[in-house]
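# Observations on the model geometry
Here is what each chain is made of, one letter per residue.
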Amino acid sequence: MDFGLSEDQLLLEDTVRKFLAEQVPIERVRELRERDCPYDPEVWAALAELGVAGILVPEAQGGSGLALLDAALVAESLARAATPAPFLATAIMAPVALKAVGGGDAEAWMSAIAGGELVVGVAATELFSVREDAGVRLSGGKLAGKAMMALDAHGAGLLLVAVDPTTLAAVKTDAPGVAIERLKTLDATRCTAEVVFDGAAPEVVFEGAGEAIRRMLEAGRIALAADTLGCCESMVEQAVAYSKERKQFERVIGSFQAVKHMCSEMIAEVEPARSLLWYSAHSFDAMPDEAPLMACHALAHLSEIGREIASVSTQVHGGIGWTDEQNLHFWFKRIATARHLLGGPEFLRNRAAELQGFAPAA
Amino acid sequence: MDLEIDARYDAFRKEVQGFLAEHRPAGPGGGKEERVAWLTKLIEHGYWARTIPEAYGGFGAEPDLLETVIMDEEFNKVGVPRGMMAQGPSMLVPTLLAHGTEEQKQRYIAPTMRSEIMWCQGYSEPGSGSDLASLQTAAREDGDDFLINGQKIWTSSADISQMCFILVRTEPDAKKHDGISYVLLPMDTPGIEVQSLRTMSGSIGENSFNQVFFTDVRVPRSNVVGQRGEGWKIANTTLKHERSALNANAEGTWIRLARLMEKETVGGVSLMKSPVYRDRLMRLQARALSMKHHGMRMLTANLKGESPGVAGLIVKLQNCQLNFDMAALAIDVMGELGALYDHTKYERGHGYWQAHSIFSLGLIIGGGTAQIQKNIIAERGLGMPREPKPAKA
Ligand SMILES: Cc1cc2nc3c(=O)[nH]c(=O)nc-3n(C[C@H](O)[C@H](O)[C@H](O)COP(=O)(O)OP(=O)(O)OC[C@H]3O[C@@H](n4cnc5c(N)ncnc54)[C@H](O)[C@@H]3O)c2cc1C
């Protein structure tokens, strides 16, 4: 019995963090945000070589075959560095779904993911939130309709489309009848898109894929929660560091009790949230019955504390915190955007209530 | 991360369930004899004083995280407290185990765990609360004894305790933190006068709050724990235990809250059907689960002898506020009836939640206020600079 990280996990975290510090410093992120899609193929290829792209892909398909907790640590590290990368859909959600459905195509795609050759987008928003008449239909073997806020879809080679809660279609992005348009988010390090299908022919349609879709969403929610945790950590660290340097009234502002209490309150939220996240990620592999509930709670809770920490850590910086130059906004915006991607807190808490029989199932 | 529950633990869980099924009706009763009998039975089975050496009246098991978790879960399920939350077991005993003489351990630990001896904590004084190290109650050497003079206040349970662990100034010429000793004092010693204070909880909740006056109270010098003048250091171990003991069972309280929400109705409809209240309940569940798993993380660190760092310093602050917030929702769920008090007709659960609310507020203040916790978190946990001392006039 041991509630904590293993040596291997600490090493993985350390390796990824060192790589990102060297290869994707914040100046590089500033350059990348100007691109049409901020994901840098070179960085992604290098991350693939480190084993990041294939972290959840089975060893038989050239991946590392690790657990979601390991992947969550990577998500957290990527967020700490504000790295733009198609990690969420390509390295987390797609492999979880493809492993669950299985078969030759799925295996081939997983190999390509692990090799860094294939970026996979995931379109699943309409499963839990339909706006702007979005929704994808499958009729006569062809896809029609539109999907909103498809994750990592811009620049992807393959899309996994949740047509309904039990049907998952895999379609190539260059197939006729697929149009992808980036929807810019507040967070310039993330790439979400609208996908319009007009008679596109999927490569494969996985029927009876309810379990695969459910697991894919759970893993995505936990990884996104880890992303927000990484942002929170970084913001608190920056606030504390700044408070030890900046002087007003002839003393460093970190010696003012009001500033101390802001920082204490933030860290007092971060640390238990980390414990919640570790448990949630661990449950995904070790106690899958608990994972649906834990995924909802982890993401909802981190979204809530994230919003507060984003605001307070910026306030600790005063005016400079509000500038583009200070960089703090990269994390502020990453937190603010993550909150909306796989179900907001209110939706997730209602889902948590449903899962426990407290609310009538939708 | 290894939370695997192997067969040995299945068996252990069954054993705990079996025990509870058999003994639950005899759960902690009201009177002292029933309480002692119940705790004695818990110790016999290893559900209380589990890791305290047998030589001192414990069960003598090796610390085991999962066993602790299973016991807490099973006791929670049936709503029976696992042992007794009191200052003796949670603060004095760990201090004696770390700093006590063999004789002190032999004499006090076993009866304290069985609650035959009740302890009160004599720290705060009228002029020394948050700034505890400024305390003035003096112990003057007189032969083999000390003579204690002064006053303590906010002393919980002083009126029903047989013993007091008290901080007194034994070295008046030493610096503030170096002149204090930690002393074990029988409450029936002549010269001690206890005056009870009425608390804001009124008749509900059995909160005993007192002030204690000391006039030439004679206590042997051998009753000092650790070295003379080291009381501050030793008290800090005690406070650390107090704060981790306040890692109260948030999950158990949450379960109780969820049950209340299912049962309470307005217009015949369960409050659990209200999306507004349900959302608050779910938000609290995430916090309660965070603190539960955080507790497991802290326990792991403790068992490995690692310092949990800042992650450990935040526990008291977060748990106390969480408990207060859970009570607040419970009372809101009762609607108009949430205003009822003092065992009035229609009051829910004998006023449990009203008492819990007021008690939680007390815990936010007691054992180091929330503001003091935040100072500690910032200064010791985050390395932020201390407040500059005001220039001497
Ligand atoms: C329910 C309960 C049980 C208790 N049981 C016991 C007991 O058994 N034995 C015992 O010895 N004592 C006990 N106490 C006393 C408790 O430890 C003190 O009340 C507490 O430490 C605060 O001290 P004080 O009351 O003197 O308040 P003060 O220290 O006067 O504090 C008043 C306010 O000022 C703030 N403040 C003070 N200093 C600072 C600072 N440096 N920075 C920021 N804010 C500051 C505090 O946070 C608080 O808000 C108990 C208290 C309660 C409420």
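Residues numbered from 1 in each chain as written. Chains lettered and ligands numbered in written order. Predicted model: local features only at pLDDT ≥ 70, side-chain atom pairs only at ≥ 80, totals over all residues. Heavy atoms only, no water.

## Topic: the overall build of chain A
Stated formally: Starting at the N terminus, helices and strands are each numbered in turn, a helix being any DSSP run of H or I of at least four residues and a strand any DSSP run of E of at least two. Put simply, the radius of gyration uses C-alpha atoms, and a globule should come to 2.2 Å times the residue count raised to 0.38. Residue burial is assigned from relative accessible area. The probe radius is 1.4 Å, only protein chains are included, and a residue is buried under 20% of its type maximum, exposed over 50%, and partly exposed in between.
Within chain A one finds 11 helices and 10 strands. Computed over its C-alpha atoms, the radius of gyration of chain A comes to 20 Å, within 12% of the 21 Å expected for a compact globule of 362 residues. Taking the principal axes of its C-alpha atoms as reference, chain A extends roughly 75 × 45 × 45 Å. Counting only residues that meet the buried cut, chain A has 61% of its 362 residues in that class.

## Some points on the interface of chain A and chain B
For clarity, the cut-off: Two residues qualify as a contact provided that any one of their heavy atoms is within 4.5 Å of a heavy atom in the partner residue. Take the accessible area each of two parts loses on contact, using a 1.4 Å probe, and add the two losses: that sum is the buried area. Basic side-chain nitrogens of Lys or Arg form a salt bridge, by our definition, when they fall within 4 Å of a carboxyl oxygen of Asp or Glu. Here a polar contact means two N or O atoms within 3.5 Å. Within protein one must be a hydrogen donor candidate and the other an acceptor candidate, and residues neighboring in sequence count only if both atoms are side-chain atoms. Residue type decides the class: Asp, Glu, Lys and Arg count as charged, Ala, Val, Leu, Ile, Met, Phe, Trp, Tyr, Cys and Pro as nonpolar, and the leftover types, Gly among them, as polar.
Taken together, the 47 residues of chain A in the interface contact 44 residues of chain B. The junction of chain A with chain B conceals about 4100 Å² of combined surface from both sides, 64% of it contributed by carbon and sulfur atoms. If you sort the residues of chain A by the area they bury against chain B, M1(A), F3(A) and F358(A) come out on top, with a joint share of 20%. At the junction of chain A and chain B, the tally comes to eight salt bridges. One salt bridge in this structure joins K260(A) and E379(B), with 2.6 Å as the shortest N-O distance. At the surface where chain A touches chain B, the tally comes to 23 residue pairs in polar contact (both at pLDDT 80 or more). Considering every element that reaches the side of chain A that touches chain B, the biggest residue donor is helix α8 (residues 257-286) of chain A, with 18 residues. Looking at the side of chain A that touches chain B, its residues break down into 21 nonpolar, 15 polar and 11 charged.

## Some thoughts on the packing of aromatic side chains
Filter applied, for reference: Here is the rule: rings of Phe, Tyr and Trp (six-membered ring for Trp) pair when centre to centre is within 6.5 Å. Planes less than 30 degrees apart are stacked, more than 60 are edge-to-face, and the remainder are tilted. Ring-over charges, as used throughout, are those where CZ of Arg or NZ of Lys falls within 6 Å of the ring centre and within 35 degrees of the ring normal.
All chains considered together, the criterion is met by 14 aromatic pairs over all chains. Between Y47(B) and F75(B) the ring centres are 5.8 Å apart and the planes differ by 65°, which places this aromatic pair in the edge-to-face class. Here the residue Y47(B) occupies a position in the loop between α2 (32-45) and α3 (65-78), and F75(B) occupies one in helix α3, the gap between them amounting to 28 residues. Y47(B) sits in the buried class, given a relative accessible area of 0%. Judged by its relative accessible area of 1%, F75(B) is buried. Relative to W119(B), the ring of Y108(B) lies with its centre 5.3 Å away and its plane at 80°, an arrangement referred to as edge-to-face. Here W119(B) lies in strand β1 (residues 119-122) and Y108(B) lies in helix α5 (residues 102-113), a separation of 11 residues in the sequence. In this pair, the class of Y108(B) matches that of W119(B), namely buried. An aromatic cluster of three or more residues is present, and its members are Y108(B), W119(B), Y123(B), F165(B) and Y182(B). Stacked on the ring of F128(A), the Lys or Arg R221(A) has its end atom at 5.4 Å from the ring centre.

## Here we look at the state of the cysteines
Worth spelling out the cut-off: We call a pair of cysteine sulfur atoms a disulfide whenever their separation is within 2.5 Å.
Counted under the stated rule, the structure contains zero disulfides over all chains. C37(A) provides the cysteine sulfur closest to C191(A), a residue in no disulfide bond, and the two sulfurs are 3.2 Å apart.

## Side note on the site of the ligand
Rule in force here: Distances are taken per atom, and a residue is near a molecule or strand as soon as one of its heavy atoms is within 4 Å of it. Surface exposure here means Shrake-Rupley accessible area, sampled with a 1.4 Å probe, where a residue is shielded only by the protein chains that are shown. Throughout, the edges of the domains are those of an automatic or database domain assignment.
Neighbouring the ligand are 19 residues, the closest being Q121(B), S124(B), S130(B), W154(B) and T369(B). Looking at the residues close to the ligand, they fall on chains A and B. Between Q257(A) and the ligand, the recorded distance is 2.8 Å, taken from a side-chain N or O atom to a nitrogen atom. Here an oxygen atom of the ligand and a side-chain polar atom of Q87(B) are 3.3 Å apart. In isolation the ligand offers 960 Å² of accessible surface; the protein chains occlude 66% of this area. Secondary-structure elements contributing two or more residues to the shell around the ligand are α11 (352-365) and α12 (370-381) of chain B. Ranked by the residues each element gives to the shell around the ligand, the list is headed by α12(B), at three residues. A breakdown of the residues in the shell around the ligand according to their chemical character gives five nonpolar, 14 polar and no charged. Split by domain, the residues of the shell around the ligand number at least three in each of domain 2 (119-228) and domain 3 (246-381) of chain B.

## Some details on the domain arrangement of chain A
All names here are of chain A. As assigned here, chain A comprises domain 1 (7-114), domain 2 (120-207) and domain 3 (211-355). Between the C-alpha centres of domain 1 and domain 3 there is a distance of 20 Å. Every contact between the two is made by 26 residues of domain 1 and, on the other side, 32 residues of domain 3. Across the domain 1 to domain 3 interface the summed buried area is about 2300 Å²; carbon plus sulfur atoms make up 68%. By the criterion of area lost to domain 3, the three top residues of domain 1 are L68, R80 and M93, representing 26% of everything that side buries. At the boundary of domain 1 and domain 3, one finds five salt bridges. The tally of links from domain 1 across to domain 3 stands at 10 residue pairs in polar contact (both at pLDDT 80 or more).

## Section: the environment of D187(A)
All names here are of chain A. Within the fold, D187 resides in the loop between β6 (178-183) and β7 (192-200). As a C-alpha pair, D187 and A310 span 123 residues in sequence and 13 Å in three-dimensional space. Apart from residues no more than four positions distant in its own chain, D187 is found in contact with K333, R334 and T337. Within the local environment of D187, its side chain forms a polar contact with the side chain of T189, the two groups lying 2.6 Å apart.

## With respect to the pairing of strand β4 (residues 158-164) of chain A
Residues and elements named next belong to chain A. Worth spelling out the cut-off: Note on pairing: DSSP must find at least two bridges between two strands before they are called paired.
Where burial is concerned, most of β4 is hidden: six out of the seven residues are buried. Pairing between β4 and strand β5 (residues 167-172): six bridges, direction antiparallel. Considered in β5, the bridge of L159 is made with V171. Remark: two residues form the turn of the hairpin made by β4 and β5, two consecutive strands paired antiparallel.

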